[in-house]
Amino acid sequence: MAKSLVNGLSAGTTIVGQGPRSVASTLVPHARQVQKRLDAASVDALVDGYLAGQTVYELAAEFGIERRTVSAHLHRRGVPMRRRGLSLAQKEEAFALRDRGWSLAQIGARFDVSAGTVRNHLASSAR
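Residues numbered from 1 in each chain as written. Predicted model: local features only at pLDDT ≥ 70, side-chain atom pairs only at ≥ 80, totals over all residues. Heavy atoms only, no water.

Caption draft 1: Structural detail: the overall build of the protein. From N to C terminus, the protein includes 8 helices and 0 strands. Of the regular secondary structure in the protein, the N- to C-terminal order runs α-α-α-α-α-α-α-α. Sorting the 127 residues of the protein into buried and exposed places 25% on the buried side. Taking the intrachain contacts of the protein between residues at least 6 apart in sequence as the baseline, contacts between residues at least 24 apart amount to 53%. When the accessible surface of the protein is split by element, carbon and sulfur atoms take 54% of a total near 9,300 Å². (Helix = DSSP H or I, 4+ residues; strand = E, 2+ residues; numbered from the N terminus. Buried < 20%, exposed > 50% of the residue type's maximum accessible area, 1.4 Å probe, protein only. Contact = heavy atoms within 4.5 Å. Areas by Shrake-Rupley, 256 points an atom, 1.4 Å probe, with all protein chains shown as cover.)

Printed below as a string of structure tokens:
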């Protein structure tokens, strides 16, 4: 039925109860994502910020780009990445929060790490 409906619409027929419509009127325009490109000086500043101790998340907010883009710039420049995880005390608190019904995303937000980081730490640390 769907195939015959499509064929009928492409042939210019109308569906009972609906007036004629053009294909263009049925398409919803999508907002195009604006790509922000950093020049070499901005990437230099990004690298300097990271080496000075700023986090990938802080740099993403500062430069108005996605955190994965920050990481990509750092990798292209050969900057060694810091591994942020959870301390032993934070892991214990994370277990307690999970037991109280907190989601991984909520726990991650509490410790300023991703939900995946929380999941990895909880999975690797048996209580």
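Caption draft 2: Quick look at the side chain of histidine 73. Inspection of the secondary structure puts histidine 73 in helix H5 (residues 67-76). Ignoring sequence-local partners within four residues, the contact set of histidine 73 consists of Leu38, Val43, Leu46 and Ile65.

Caption draft 3: Broad picture of the packing of aromatic side chains. In this structure the tally under the stated criterion is 0 aromatic pairs. Directly above the ring of tyrosine 50 sits arginine 82, whose terminal nitrogen or CZ lies 4.0 Å from the centroid. (Phe/Tyr/Trp six-rings, centres within 6.5 Å; stacked < 30°, edge-to-face > 60°. Lys NZ or Arg CZ within 6 Å of the ring centre and 35° of its normal.)

Caption draft 4: How the structure looks around the nonpolar core. Counting residues in hydrophobic clusters, the biggest one holds 13 residues, and the most contacted among them are Leu46, Val70 and Leu74. Looking at this core, the elements with two or more residues in it are helix H3 (40-51), helix H4 (56-63) and H5. Those residues within four positions of leucine 74 in sequence are excluded, and the remaining contacts are Leu46, Val47, Tyr50, Val56, Val79 and Met81. If you look at the next biggest cluster of nonpolar residues, it comprises 9 residues, including Phe95, Leu97, Phe111 and Val118. (Core = buried A, V, L, I, M, F, W, Y, C linked by side-chain atoms within 4.5 Å.)

Caption draft 5: Broad picture of helix H6 (residues 88-99). Across its 12 residues, H6 extends 17 Å between first and last C-alpha, which sits within 8% of the 16 Å expected from 1.5 Å per residue. Buried within H6 are the following residues: Lys91, Ala94, Phe95 and Leu97. Seen from one end, H6 has its buried residues packed into an arc of 165°, which puts them on one side. Those residues of H6 that are buried lie in contact with helix H7 (104-111) and helix H8 (115-124). Just downstream of H6, glycine 101 is the residue with a positive phi angle, here 100°. (Expected span 1.5 Å × (residues − 1). Arc of directions from axis to C-beta.)

Caption draft 6: Up close: the pattern of salt bridges. Applying the stated rule across the entire model yields 4 salt bridges. Among the ionic pairs, arginine 110 bridges to glutamate 93, the shortest N-O distance being 2.6 Å. Taken together, the positions of arginine 110 in helix H7 and glutamate 93 in helix H6 put the pair 17 residues apart, joining distant regions of the chain. Given a relative accessible area of 27%, glutamate 93 falls into the partly exposed group. When the shortest N-O distance is used, the salt bridge between aspartate 99 and arginine 98 registers 3.7 Å. (Salt bridge = Lys/Arg side-chain N within 4 Å of Asp/Glu carboxyl O.)

Caption draft 7: Looking closely at the packing of H3 against H5. Taken N-terminus to C-terminus, the directions of H3 and H5 make an angle of 90°; their axes are 10 Å apart at the nearest point. Here H3 is positioned roughly perpendicular relative to H5, judged by the angle of their axes. When H3 is examined against H5, the residues Val43, Leu46, Val47 and Tyr50 are found in contact with a partner set consisting of Val70, His73 and Leu74. (Axes fitted to C-alpha atoms, helices over the stretch in contact; angles between N-to-C directions. Parallel < 35°, antiparallel > 145°, perpendicular 65-115°, else oblique.)

Take it as geometry only, folks, not as evidence of what the structure does.
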